[in-house]
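So you can see what is in the structure, the chains are spelled out below.
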Amino acid sequence: MEVFDTCVIYGMECECTFHAFCRCPMARSLWQAMEEVWPLPDIGTLTNTSSEWLLHLLEGRSETMRAMIIMTLWRIWHCRNEVIHHKPAPPIEASRRFLCSYLESLLTIKQFPNADVAKGKTAVSWSRDNKLKTTPSASVKPLRP
């Protein structure tokens, strides 16, 4: 495997994890799209605090916020791999819908662990304190023992 000193996608900055997840224009585009739907920190305020930048970013955040950050970084890495392996990057909107749907499913399962939750059958909204609120519809039926 070849190792590069500069970003293999845009060829601008030094290739490091902070660049790959926060500085690369492709990563920034996806992060900013997720900022529109999730209360993520402004990507412009993130700083490279050495090899532990991610730990600093996650420190003191709620469990849901950490999940949003990690899922966004996971999708950034997926998109980056697609491009590096000569495939087209998934459209930003498709990535946004995928992440929102995936997190909604995980949080619904967490809130209703014994329910048979049908995909797309739960009303989801954000509360004022940035917590996800889910309300099962009539199609969400408790599992029978």
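Here the structure is a predicted model, which is why all the values come from computation and not from measurement.

> How should I be thinking about the environment of methionine 26 in this particular structure?
Residue position: methionine 26 is located in helix α2 (residues 25-35). Separated by 63 residues in the primary sequence, methionine 26 and alanine 89 have C-alpha atoms spaced 9.0 Å apart.

> Explain the side chain of arginine 75 to me, please; I cannot follow it from the model alone.
By the element assignment, arginine 75 lies in helix α4 (residues 63-84). Of the side chains with opposite charge, glutamate 82 lies nearest to the buried arginine 75, which makes no salt bridge, at 8.1 Å. Within the structure, arginine 75 has its side chain in polar contact with the side chain of serine 95 (distance 3.0 Å). If we ignore the near neighbours within four places in the chain, the residues touching arginine 75 are Leu30, Pro90, Ser95, Phe98 and Leu99.

> Explain the packing of aromatic side chains to me, please; I cannot follow it from the model alone.
Each aromatic ring pair is specified by the distance between its two centres and by the angle formed by the two planes. The final tally for this structure, using the stated rule, is 6 aromatic pairs. A ring pair is formed by phenylalanine 21 and tryptophan 53, whose centres lie 6.2 Å apart and whose planes are at 45 degrees; its orientation type is tilted. Pair noted here: phenylalanine 21 is in helix α1 (residues 17-23) and tryptophan 53 is in helix α3 (residues 53-58), with a separation of 32 residues, a long-range link. The two residues phenylalanine 21 and tryptophan 53 agree in class, both being buried. These aromatic residues form a ring-pair network of at least three members: Phe18, Phe21, Trp53 and Trp77.

Reading guide: rules and limits
- Each chain has its residues counted from 1, running along the sequence as written.
- Local features in this predicted model are restricted to residues whose pLDDT is 70 or higher, and side-chain atom pairs enter the listing and the counts only when it is 80 or higher, whereas totals over whole chains, interfaces and linings include all residues.
- Note: side-chain values were computed over all heavy atoms of the structure, leaving out hydrogens and water.
- Numbering goes from the N terminus for both helices and strands, where a helix is a DSSP run of H or I of at least four residues and a strand is a run of E of at least two.
- Any residue under 20% of the maximum accessible area for its type is buried, any over 50% is exposed, and the rest in between are partly exposed; the area is computed with a 1.4 Å probe on protein chains only.
- Asp and Glu are treated as the negative residues and Lys and Arg as the positive ones, with His and the ends of the chain left uncounted.
- We count a salt bridge whenever a side-chain nitrogen from Lys or Arg sits within 4 Å of a carboxyl oxygen from Asp or Glu.
- A 3.5 Å cut-off defines polar contacts: any pair of N or O atoms within that distance qualifies, except that in protein one atom must be a possible hydrogen donor and the other a possible acceptor, and neighbouring residues in sequence count only when both atoms are side-chain atoms.
- The contact criterion used throughout is that any non-hydrogen atoms of two residues lie within 4.5 Å.
- A pair of Phe, Tyr and Trp rings is counted when the ring centres sit within 6.5 Å of each other, with Trp represented by its six-membered ring. The angle between the planes then sorts it: under 30 degrees is stacked, over 60 is edge-to-face, the rest tilted.

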